[in-house]
Amino acid sequence: MELLFGFHPVREALRAGRVPEVVWVVEKAKGLGEIVALARASGVLPQTVTRQKLGDLCRSSHHQNVAARFPDRTLHSLDHPLAVAEQRGQKPFLLALDHLQDPQNLGSLLRTAEAVGVHGVVLPKDRSAPVNATVARASSGAVEHLALCDTINLMRALAWYKERGVWVVGLDPAGETRYDALDYAWPVAVVVGSEDKGLRPIVRRACDYLVHIPMTGSVASLNAAVAGSLLLYHIWRTREDTHGNSG
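Rules behind the numbers
- Residues numbered from 1 in each chain as written.
- Predicted model: local features only at pLDDT ≥ 70, side-chain atom pairs only at ≥ 80, totals over all residues.
- Heavy atoms only, no water.
- Pairing = 2+ DSSP bridges.
- Helix = DSSP H or I, 4+ residues; strand = E, 2+ residues; numbered from the N terminus.
- Axes fitted to C-alpha atoms, helices over the stretch in contact; angles between N-to-C directions.
- Contact = heavy atoms within 4.5 Å.
- Core = buried A, V, L, I, M, F, W, Y, C linked by side-chain atoms within 4.5 Å.
- Buried < 20%, exposed > 50% of the residue type's maximum accessible area, 1.4 Å probe, protein only.
- Salt bridge = Lys/Arg side-chain N within 4 Å of Asp/Glu carboxyl O.

Undergrad: Just checking my understanding: could you explain the sheet that holds strand 3 (residues 47-49) for this structure?
TA: Either a parallel or an antiparallel arrangement is found when strands of a sheet pair, and the pairing is made through backbone hydrogen bonds. Spatially, the 4 strands line up as an open sheet ordered 1-4-2-3, and their pairing is mixed. Looking at the sheet topology across the chains shown, the edges are occupied by strand 1 (2-5) and strand 3. Pairs of neighbouring strands in the sheet enclose a mean axial angle of 20°, with direction left out of account. Here 4 bridges tie strand 2 (residues 22-26) to strand 4 (residues 66-70), and the two strands are oriented antiparallel to one another.

Encoded structure:
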């Protein structure tokens, strides 16, 4: 089971159709009418608790007066995002993460991915931040509206996508191509590396392009989530300018 707390994570999980086992709300708390209605619509009557009791349940005082326990989220196969893109009449737009380990960075990046219409996110099972309550809060609930695909071997997953016509673009400060030098009109998977080491050498070699974001400041590189978000937004914007939609 997965415990979520905070207004946006719980609301978005309910809006996405996840059926909770239980929902807790602080007695007499205001502003929770939408969550109460969504919970009831799913067949669950929220339980009222004291703020202290909810804090004990969440092991946090930052619960915003609401929490819920859900069955573990559904993870999808690698072909699911391609089917979603085809159904929408769009070119596949994927995000793959190479051992991104900070849950705040993961949540921020997922929030951007959902905002720009990414069809799926590929997450390695090992040495990566788990998708948990911290990630849900950092994404402001956006994680609930993304297709998450787990993989044991990121290299095999990227190779599988390449066989199906998806171009793999790695984000690397030492990349030879500027991020805005490509038109991204084709199916694309953006790969973002870990916070400390970036992309692993084996992943770099698997990329069709390695792109960098030019800077003039003194800092050597951008935060992984910031850099990834900039590239994702750029791809969405260029597709919008070219086609008038996110496809």
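Undergrad: Can you help me understand the environment of Thr177 in this one?
TA: Looking at where Thr177 falls in the secondary structure, it is placed in strand 9 (residues 177-178). Considered as a pair, Thr177 and Ala138 are 39 residues apart in the sequence and their alpha carbons are 31 Å apart. Discounting chain neighbours no more than four positions away, the residues touching Thr177 are Leu182, Tyr209, Leu210, Val211 and His212.

Undergrad: When you look at the nonpolar core in this model, what are you seeing that I'm missing?
TA: As a rule of thumb, soluble globular proteins bury nonpolar side chains together. Residues Leu95, Leu97, Val121, Tyr184 and Leu232 are the most contacted members of the largest nonpolar core, which totals 58 residues. Beyond its immediate stretch of four places on either side in the chain, Leu97 contacts Leu106, Leu109, Val121, Val122, Leu123, Pro124, Leu154 and Val192. Listed in part, the 18 residues of the second largest apolar core include Cys149, Val166, Val168 and Ala189.

Undergrad: So what exactly am I meant to see when it comes to the pairing of strand 8 (residues 167-171) here?
TA: The side chains of a regular strand alternate between the sheet's two faces. Counting buried positions over the 5 residues of strand 8 gives 4, a clear majority of the element. Sheet analysis places strand 8 next to strand 10 (residues 188-193), joined by 4 bridges and oriented parallel. Its bridge partner lying in strand 10, Val169 is registered against Val190. Here strand 8 pairs with strand 11 (residues 209-212) via 3 bridges, running parallel. By the bridge assignment for strand 11, Val169 is matched with Tyr209.

Undergrad: What's the story with the pattern of salt bridges in this structure? I'm lost.
TA: Side-chain pairing between opposite charges can occur once the charged atoms of the two side chains come close. Per the stated rule, a full pass over the model turns up 14 salt bridges. Put simply, Glu21 and Arg69 hold a salt bridge, and the shortest N to O gap is 2.5 Å. Of the two residues, Glu21 is situated in the loop between helix 1 (7-15) and strand 2 and Arg69 in strand 4; the sequence distance between them amounts to 48 residues. Here Arg178 makes a salt bridge to Asp180, at a shortest N to O gap of 2.9 Å. By relative accessible area, which is 32% here, Asp180 ends up partly exposed. Via salt bridges that share partners, Glu2, Arg18, Arg73 and Glu144 belong to a single interconnected network.

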